[in-house]
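Structural features, examined
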Amino acid sequence: MKKTGEQQPSTTEKIKLYSFCRSSCSWRVRIALAYKGIPYEYVAVDLASGEQFSEDFKKLNAFSTVPVLVDNDIVIADSFAILEYLEEKYPEPSLFPADIRKKALVRQVVNHIVASIQPLQNLTVLKRIEALGGPEERLKWAQHFIKSGFEALELLLTAEAGKYCFGEEFTMADIVLVPQLGNAERFQVDMTNFPLLTKIGEAVSALPYVKEASPQNQPDFVTF
Ligand SMILES: N[C@@H](CCC(=O)N[C@@H](CS)C(=O)NCC(=O)O)C(=O)O
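Predicted model only: the values in this text are computed from it and were never measured.

**Some thoughts on the nonpolar core**
Among the nonpolar cores identified, the biggest contains 55 residues, and Leu86, Phe150, Leu157 and Phe170 are the most heavily contacted of them. Looking at this core, the elements with two or more residues in it are β2 (15–19), α1 (24–36), α3 (79–89), α4 (100–117), α6 (135–158), α7 (172–186), α8 (195–205) and α9 (208–212). Counting residues per element, this core draws most heavily on α7, at 8 residues. When residues are assigned to domains, this core turns out to be shared by domain 1 (15–94 + 211–217) and domain 2 (100–209), each giving three or more. When near neighbours in sequence (up to four residues on either side) are disregarded, leucine 157 contacts Val109, Cys165, Phe166, Leu196, Leu197 and Ile200. Core analysis: the next-biggest nonpolar cluster, separate from the first, contains 13 residues, Phe20, Val45, Leu47 and Phe57 among them.

**Description of α6**
Taking 1.5 Å of rise per residue, 24 residues should cover 34 Å, and α6 covers 35 Å from first to last C-alpha, within 8% of that figure. Listing the buried residues of α6 in full gives Ala142, Gln143, Ile146, Gly149, Phe150, Leu153, Glu154 and Leu157.

**What about α3?**
Since one α-helical turn is 3.6 residues long, residues separated by three or four positions face the same way. Residues Ser79, Ile82, Leu83, Glu84, Tyr85, Leu86 and Glu87 constitute the buried set of α3. Looking at the buried positions of α3, the neighbouring elements they touch are α1, β4 (68–71), β5 (74–76), α4 and α7. N-cap assignment for α3: the residue whose side-chain oxygen lies 3.1 Å from the backbone N of phenylalanine 80 is aspartate 78.

**Description of the site of the ligand**
Neighbouring residues of the ligand: 16 residues in total, closest Gln52, Val66, Asp78, Ser79 and Asn122. A distance of 3.5 Å is found between an oxygen atom of the ligand and a side-chain nitrogen or oxygen belonging to arginine 28. In this structure, serine 79 approaches the ligand through a side-chain N or O atom, which is 2.7 Å from an oxygen atom. Against a free-state accessible area of 520 Å², the protein chains account for coverage of 87% of the ligand. Taken atom by atom, the bulk of the ligand overlaps the largest pocket. Counting only elements with at least two residues in the shell around the ligand, the list comes to α1 and α5 (123–133). Residue contributions to the shell around the ligand peak at 3 residues, all from α1. Per-domain counts for the shell around the ligand show at least three residues from each of domain 1 (15–94 + 211–217) and domain 2 (100–209).

**A closer look at the UniProt feature "domain: GST N-terminal" (unreviewed entry) in the chain**
Those residues carrying the UniProt feature "domain: GST N-terminal" (unreviewed entry) are residues 13–94 in this numbering. Across residues 13–94 one finds 37% helix and 21% strand; the C-alpha atoms that close the span lie 24 Å apart.

**Some words on the layout of surface pockets**
Volume-wise, the largest pocket comes out at about 700 Å³. Together, 32 residues line the largest pocket, and Cys25, Val66, Gln118, Asn122 and Leu123 are the ones closest to its centre. Of all the elements in the fold, those that place two or more residues in the lining of the largest pocket are α1, α3, α5 and α7. In terms of residues, the lining of the largest pocket owes the most to one element, α5, which gives 4 residues. A class-by-class count of the residues in the lining of the largest pocket yields 15 nonpolar, 11 polar and 6 charged. The calculated volume of the second largest pocket comes to roughly 530 Å³. If you go around the second largest pocket, you meet 21 residues; those closest to its centre are Trp27, Leu181, Gly182, Glu185 and Ser205.

**Looking at the domain arrangement of the chain**
Interfaces are frequently sized by the accessible area removed from exposure as the parts join. Split by domain assignment, the chain resolves into domain 1 (15–94 + 211–217) and domain 2 (100–209). Domain 1 and domain 2 are separated by 19 Å when their C-alpha centres are compared. Contacts between the two partners involve 19 residues from domain 1, matched on the other side by 21 residues from domain 2. Approximately 1,800 Å² of surface area, both sides summed, lies buried where domain 1 meets domain 2, with 66% of it carried by carbon and sulfur atoms. At the surface where domain 1 touches domain 2, the tally comes to 1 salt bridge. One salt bridge in this structure joins glutamate 84 and arginine 107, with 3.2 Å as the shortest N-O distance. If you look at where domain 1 meets domain 2, you find 5 residue pairs in polar contact (both at pLDDT 80 or more). At the level of elements, α1, α3 and α9 are the ones that each hand at least two residues to the side of domain 1 that touches domain 2.

Calculation criteria
Residues numbered from 1 in each chain as written. Predicted model: local features only at pLDDT ≥ 70, side-chain atom pairs only at ≥ 80, totals over all residues. Heavy atoms only, no water. Core = buried A, V, L, I, M, F, W, Y, C linked by side-chain atoms within 4.5 Å. Buried < 20%, exposed > 50% of the residue type's maximum accessible area, 1.4 Å probe, protein only. Helix = DSSP H or I, 4+ residues; strand = E, 2+ residues; numbered from the N terminus. Domains from an automatic or database assignment. Contact = heavy atoms within 4.5 Å. Expected span 1.5 Å × (residues − 1). Polar contact = N/O pair within 3.5 Å; in protein donor to acceptor, adjacent residues only side chain to side chain. Near = heavy atom within 4 Å. Areas by Shrake-Rupley, 256 points an atom, 1.4 Å probe, with all protein chains shown as cover. 1 Å grid on protein atoms, 1.4 Å probe; cavity = no way out; pocket = protein on both sides within 12 Å on 5 of 7 lines; lining within 4 Å. Sits in = over half its atoms within 2 Å of the grid points. UniProt positions renumbered as here; feature names shortened; annotations may be inferred. Points joined across faces, edges and corners; volume = space filled by probe spheres on them. Nonpolar A, V, L, I, M, F, W, Y, C, P; charged D, E, K, R; others polar. Buried area = accessible area lost by both parts, 1.4 Å probe. Salt bridge = Lys/Arg side-chain N within 4 Å of Asp/Glu carboxyl O.

Now the structure itself:
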């Protein structure tokens, strides 16, 4: 694993993020870290070459996935758990609206993406689909589940969106939407029927802390 950035040789070490530039789960966490202005050391894990399955990495994360956040002796290996952890440790600026109804809806949107859309395009799932049905099935499978997931989102957000998913407030919903839109682009999903998601995606992607977290701006960026 290639380490970049400075290391802090003290007992309170800089946070480390084990990440892969193209991983949408890592991308979420990078946006939250940038938004909250938390400095961290980027540790690249090359998913393309299978580095997540190395013995060294498995010792850190038995799930063999990124992201993993290491904050001194705290190791968290799930993007949603990491986002919640960062929110509790660094409450300002918040990832949630103050309003309790909107807060619940933000979590609903987040869970829809992190639990019902993204896992179906995970590398291990796509490899299995390809083994069962060939490379064409792999692409069709990814497109199908992104489209059906987006249909529900487009409908739900129609009643809530402004510039961002929830009015004018940047929230965790925007943080998970942008990487999922990145996956849609990667899998050549036709976005014609998702004008709202497209518009929100453009507004969110223009924010400086979102740009900073994009795959292109990571030390391990490779073209895809
Ligand atoms: N629930 C986990 C899922 C993590 C996950 O699936 N990460 C993907 C990248 S987005 C991964 O590491 N895949 C490796 C593989 O499929 O071999 C999270 O949200 O962090």
